Amino acid sequence: MGAKKNRQSKRSAELGELAMVEGILEGSPDGIGVAVIRLDCGCRKMAAVNKNGDPASKIIMYRDRAESICAQCRKDNGDFMRVTEQFISWSKPEPDEQTKKIIEAKVLGSPEQQSN
């Protein structure tokens, strides 16, 4: 069973995102995960989601090691056409795989619509 887990290459939050994910979850008692959307400019959009796949927090935009988001994001609010990667960083204990798939489809769209 451990070997199967090691072979799975799940996307996860980078170190710079982890503190933001934890902070969002801490402020979102109904949150079971945080949707992470990475943009081509390096900015991120994040929001907690609840067990039904509905928002459990406001959308937070940030950029690692910067005082604010970039000029492009200030102009277009992180337009979906500039998304390079998106996933949900789940809190522990994680929901079962079927529930994850349902929530991911609702929040991020179907796998065919997702980039990467």
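Let me sum up the structure you'll find in this document. Just so we're clear, the structure is a prediction, and the values are computed from it rather than from any experiment. (Residues numbered from 1 in each chain as written. Predicted model: local features only at pLDDT ≥ 70, side-chain atom pairs only at ≥ 80, totals over all residues. Heavy atoms only, no water.)

### Overview of the environment of A105
Formally: Comment: elements are numbered from the N terminus, with helices defined as DSSP H or I runs of at least four residues and strands as E runs of at least two. For the exposure calls, accessible area comes from a 1.4 Å probe over protein chains only, and a residue counts as buried if that area is under 20% of its type's maximum, exposed if over 50%, partly exposed in between.
Note on placement: A105 falls in helix α4 (residues 97-108). Overall, A105 belongs to the partly exposed group, its relative accessible area being 37%. C-alpha of A105 to C-alpha of G53: the two residues are 52 residues apart in sequence and 8.8 Å apart in space.

### Structural notes on the pattern of salt bridges
In plain terms, the rule: The rule for a salt bridge is simple: a side-chain nitrogen of Lys or Arg has to be within 4 Å of a carboxyl oxygen of Asp or Glu.
Per the counting criterion, the structure on display carries 10 salt bridges. Where D54 meets K106, a salt bridge forms, and the shortest distance between an N and an O atom there is 2.8 Å. You can see D54 sitting in the loop between β2 (43-49) and β3 (60-63) and its partner K106 sitting in helix α4, a full 52 residues away along the chain. The class for D54 is partly exposed, based on a relative accessible area of 29%.

### Digging into the side chain of K45
Filter applied, for reference: Only four residue types enter the tally: Lys and Arg on the positive side, Asp and Glu on the negative side; His and the chain ends are excluded. We define a polar contact as two N or O atoms separated by no more than 3.5 Å, with the added condition that, inside protein, one atom must be a possible hydrogen donor and the other a possible acceptor, whereas residues neighbouring each other in sequence contribute only through side-chain atom pairs. For this analysis, residues touch if any pair of their heavy atoms sits within 4.5 Å.
Mapped onto the elements, K45 comes out in strand β2. Buried charge K45 goes without a salt bridge, the closest partner of opposite sign being D76 at 7.4 Å. A polar contact of 3.4 Å, which involves the side chain of K45, links it to the backbone oxygen of G78. Those residues in contact with K45 that lie beyond four places of it in its chain are A35, V36, I37, L39, I59, I60, M61, N77 and G78.

### Here we look at the layout of surface pockets
We count it as follows: For each structure, a 1 Å grid was placed over the protein atoms alone; sets of points admitting a 1.4 Å probe that cannot get out are labelled cavities, open sets with protein on both sides within 12 Å along at least five of seven lines are labelled pockets, and lining residues have an atom within 4 Å of a point. Grid points are joined across faces, edges and corners, and a volume is the space filled by probe spheres set on the points. Three classes are used, and their members are as follows: Ala, Val, Leu, Ile, Met, Phe, Trp, Tyr, Cys and Pro are nonpolar, Asp, Glu, Lys and Arg are charged, and the others, Gly among them, are polar.
A volume near 400 Å³ is recorded for the second largest pocket. A35, I37, Q86, V107 and L108 are the residues nearest the centre of the second largest pocket, which is lined by 20 residues in total. Secondary structure elements with two or more residues in the lining of the second largest pocket: β1 (33-39), β2, β4 (83-90) and α4. Looking at the lining of the second largest pocket element by element, the count peaks at 5 residues for β2. When the residues that make up the lining of the second largest pocket are grouped by side-chain class, the tally is 12 nonpolar, 6 polar and 2 charged.

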